Amino acid sequence: MVPVIALVGRPNVGKSTMFNRLTKSRDAIVAEYSGLTRDRQYGEAKWQGRTYILIDTGGLSGDEEGIDAKMAEQSLQAIEEADAVLFLVDSRDGLTPTDQMIGEHLRKRNKRCFVLANKVDTVDPEIARAEFSPLGLGDALPVSAAHGRGIQAMLEAALGVFPRDEVEEPEDVEPAAGDGQPRRTPGPDEKDGIKIAIIGRPNVGKSTLVNRMLGEDRVIVYDQAGTTRDSIYIPFERGDEKYTLIDTAGVRRRGKIFEAVEKFSVVKTLQAIQDANVVVFVMDAREGVVEHDLNLLGFVLETGRALVIALNKWDGMQPGERDYVKTELERRLFFVNFADVHFISALHGTGVGHLYKSVQAAFTSAVTRWPTNRLTQILEDAVQEHQPPLVNGRRIKLRYAHLGGANPPLIVIHGNQVEAVPKSYSRYLENTYRRVLKLVGTPIRIEYKGGE
Ligand code: GDP
Ligand code: GDP
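Residues numbered from 1 in each chain as written. Chains lettered and ligands numbered in written order. Predicted model: local features only at pLDDT ≥ 70, side-chain atom pairs only at ≥ 80, totals over all residues.

Section: the pairing of strand β2 (residues 42-47)
A regular strand places its side chains on the two faces of the sheet in alternate fashion.
Then, number 1: Sheet topology places β2 next to strand β3 (residues 50-56); six bridges connect them, and they run antiparallel. Bridged to G43 within β3 is L54.
Then, number 2: Joining the antiparallel neighbours β2 and β3 is a turn of two residues, in which Q48 adopts a positive phi near 45°. (Pairing = 2+ DSSP bridges. Helix = DSSP H or I, 4+ residues; strand = E, 2+ residues; numbered from the N terminus.)

A closer look at the site of ligand 1
Then, number 1: Neighbouring ligand 1 are 17 residues; G14, K15, S16, T17 and A146 lie closest to it.
Then, number 2: Examining the composition of the shell around ligand 1, we find that three residues originate from one element, helix α1 (residues 15-34), more than from any other.
Then, number 3: Looking at side-chain class alone, the shell around ligand 1 contains four nonpolar, ten polar and three charged residues. (Near = placed C-beta within 6 Å. Nonpolar A, V, L, I, M, F, W, Y, C, P; charged D, E, K, R; others polar.)

A few points about the site of ligand 2
Then, number 1: The immediate surroundings of ligand 2 are formed by 16 residues, with G205, K206, S207, T208 and L347 found nearest.
Then, number 2: Residues that form the shell around ligand 2 fall into these classes: six nonpolar, seven polar and three charged.

A short note on the environment of V8
Then, number 1: For V8, the location among the structural elements is in strand β1 (residues 4-8).
Then, number 2: Placed 71 residues apart in sequence, V8 and I79 show a C-alpha to C-alpha distance of 8.0 Å.

Considering the sheet that holds strand β11 (residues 241-247)
Then, number 1: Overall, mixed pairing links the seven strands, which are arranged β9-β10-β11-β8-β14-β15-β16 in an open sheet. Two strands in the sheet have a free side with no partner beyond their single neighbour: β9 (219-221) and β16 (340-343). The average angle at which neighbouring strand axes cross in this sheet is 25°, direction not considered.
Then, number 2: With three bridges connecting them, β9 and strand β10 (residues 232-238) associate as antiparallel partners. Each residue of the ladder has a partner; that of V219, found in β10, is R238.
Then, number 3: Here helix α7 (residues 266-275) sits on the sheet in contact with β8 (194-199), β11 and β14 (278-284), set at roughly 155° to β8.
Then, number 4: Lying on the sheet, helix α8 (residues 291-303) is in contact with β8, β14 and β15 (306-312); it crosses β14 at an angle near 170°. (Axes fitted to C-alpha atoms, helices over the stretch in contact; angles between N-to-C directions. Contact = placed C-beta atoms within 7 Å.)

Focus on the sheet that holds β3
Then, number 1: Reading across from one edge, β2-β3-β1-β4-β5-β6 is the order of the six strands in this open sheet, with mixed pairing throughout. In this open sheet, the two strands that pair with only one neighbour each are β2 and β6 (141-142).
Then, number 2: Strand direction decides the pairing type here: β1 and strand β4 (residues 84-90), joined by four bridges, are parallel. In the sheet register, A6 faces β4, and the bridge partner there is V85.
Then, number 3: Contacts from helix α3 (residues 97-109) reach β1, β4 and β5 (113-118), with the element oriented near 165° to β4.

Quick word on helix α11 (residues 372-385)
An α-helix turns once every 3.6 residues. As a result, residues three or four positions apart point the same way.
Then, number 1: The end-to-end C-alpha distance of α11, which contains 14 residues, comes to 20 Å, matching closely the 20 Å that a straight helix rising 1.5 Å per residue would cover.
Then, number 2: Here α11 has its buried residues at R374, L375, L379 and A382. Taken end-on, α11 shows its buried residues confined to a sector of 135°, consistent with a single buried face. Turned more than 90 degrees from where α11 packs its buried face, D381 and Q384 sit exposed.
Then, number 3: Next to the buried residues of α11 lie β20 (397-405), β21 (410-416) and α12 (423-436). (Expected span 1.5 Å × (residues − 1). Buried ≥ 20, exposed ≤ 12 C-beta atoms within 10 Å, placed from the backbone. Arc of directions from axis to C-beta.)

Some points on the packing of α7 against α8
Then, number 1: Contact geometry for α7 and α8: axes closest at 10 Å, N-to-C directions at 30°. The pairing of α7 with α8 is recorded here as roughly parallel in orientation. Helix-helix and strand crossings are classified by hand; for α7 and α8 the assignment is right-handed. Counting all contacts with α7, which are made through T269, L270, I273 and Q274, the residues of α8 involved are L296, F299, V300 and T303. (Parallel < 35°, antiparallel > 145°, perpendicular 65-115°, else oblique. Left-handed = near helix turned anticlockwise from the far one by under 90°.)

Considerations on the nonpolar core
Then, number 1: In terms of nonpolar packing, the biggest core is built from 95 residues, with F87, L116, I196, V278, V279, V280 and F281 touching the most fellow members.
Then, number 2: If we skip the residues at most four places from it in the chain, F87 touches V8, G9, I102, G103, L106, C113, F114, V115, L116 and L137.
Then, number 3: The next biggest cluster of nonpolar side chains, apart from the first, holds 14 residues, and it includes L375, I396, A401 and L439. (Core = buried A, V, L, I, M, F, W, Y, C linked by C-beta atoms within 7 Å.)

Re the environment of L214
Then, number 1: Structurally, the position occupied by L214 is in helix α6 (residues 206-215).
Then, number 2: Residues L214 and I5, spaced 209 residues apart in sequence, show a C-alpha to C-alpha distance of 33 Å.

A short note on α12
Then, number 1: With 14 residues, α12 extends 20 Å between its outermost C-alpha atoms, agreeing within 8% with the 20 Å of an ideal straight helix rising 1.5 Å per residue.
Then, number 2: Directly beyond the C-terminal end of α12, a positive phi value near 55° is found at K438.

Below you can see the structure in the form of structure tokens.
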């Protein structure tokens, strides 16, 4: 399971600055497509071969009411479920009553917790350290989110205890000899089949959908192989295909009926996305696309998981409302336009069976091993059609391509002056690969390797 780190602190201590610094690399990709950075509260980040999930819990000020209270509730829950908490305080302001209140909460919860004395560029680190020792949470680590100071030591402290990611794919595969035909690798998870996470905001119909999927006559549900954390992993078979459903709604079997027993959890949701091959993203057609949907989808895109979108509660909607929802989808979900969209009713079962076809197609697209000669041929054809631009009078040369990873497919392109390849040209290559290889339901990543 990918570790979860929560950023906590009152407003203006530097949480978003820290969040942006730690998730920076991926941010760029997501922001470019969706314009989501401003309000994003969670992201995927990497440090020394370890992937982790970072949550900005939002400013806790201690006097939340109304909608703020709801936010604070999710924040507190995230703290509860996180593996470690980074508690930011402001060295320039010194220790405040709100800091003390938050500190007390953390001390009571007995959380793995690190006090970060931020903005240490403005004061003596030793003074900052002394200032915050009354919190009783150990020595504060002096950091500067804005200037990048103390970050490595902080990550070592917070993440050093977690094992590195298992390397799923070789970085550089030998150019495959062969017939140009794709091969589907049995990934490490073949025994679980396709891992599908059912994701969505509270009340969009996740548990109803899980029930519907597992309750179908043609579905054989196996005993749970064991649960990890809070999400429930339910192996089942349908036709010749094996699946494992990762259920974030906490549906439990009671005889023949499955019933939901848990409430929505951001941490659980993010981890389920991380752990899935394919995310079935459920939205409520009656509410349209809301901010929280976009945030979650931004995270799905960041992780590179395959994606199928289900617009639920399609039953009983007026034609005018349906048209409106469809227009909204096109306008606001263009950044995930590679995903199939289904209009379903989990309650009545309409359209639910069709989800599987998209799930399978997305999975196949995400994990197929394309041989080097095929990828290189597509590259050559694309370059012939449209030359990359000249840089300082020399043309960028793209020589060959190979697959560097799966789920999402990573296409590694070797050439000269690759650092100068414009984004628009990368987009062109990505679209070409998508079209020629008929890839659906998965993002594609393109990476360049230079050298003469
Ligand atoms: P948040 O409300 O906790 O998310 O705080 P922000 O990240 O928005 O930061 C609040 C203000 O503090 C902004 O003006 C930042 O530029 C500034 N800030 C953040 N980190 C640092 C730092 O390391 N040094 C200094 N001097 N300013 C910082
Ligand atoms: P969850 O919180 O995402 O697991 O949502 P639930 O499955 O608990 O559903 C929330 C509410 O929406 C319940 O009252 C369901 O009966 C209702 N609901 C779920 N799916 C549908 C649907 O397809 N159509 C309609 N009309 N209601 C639905």
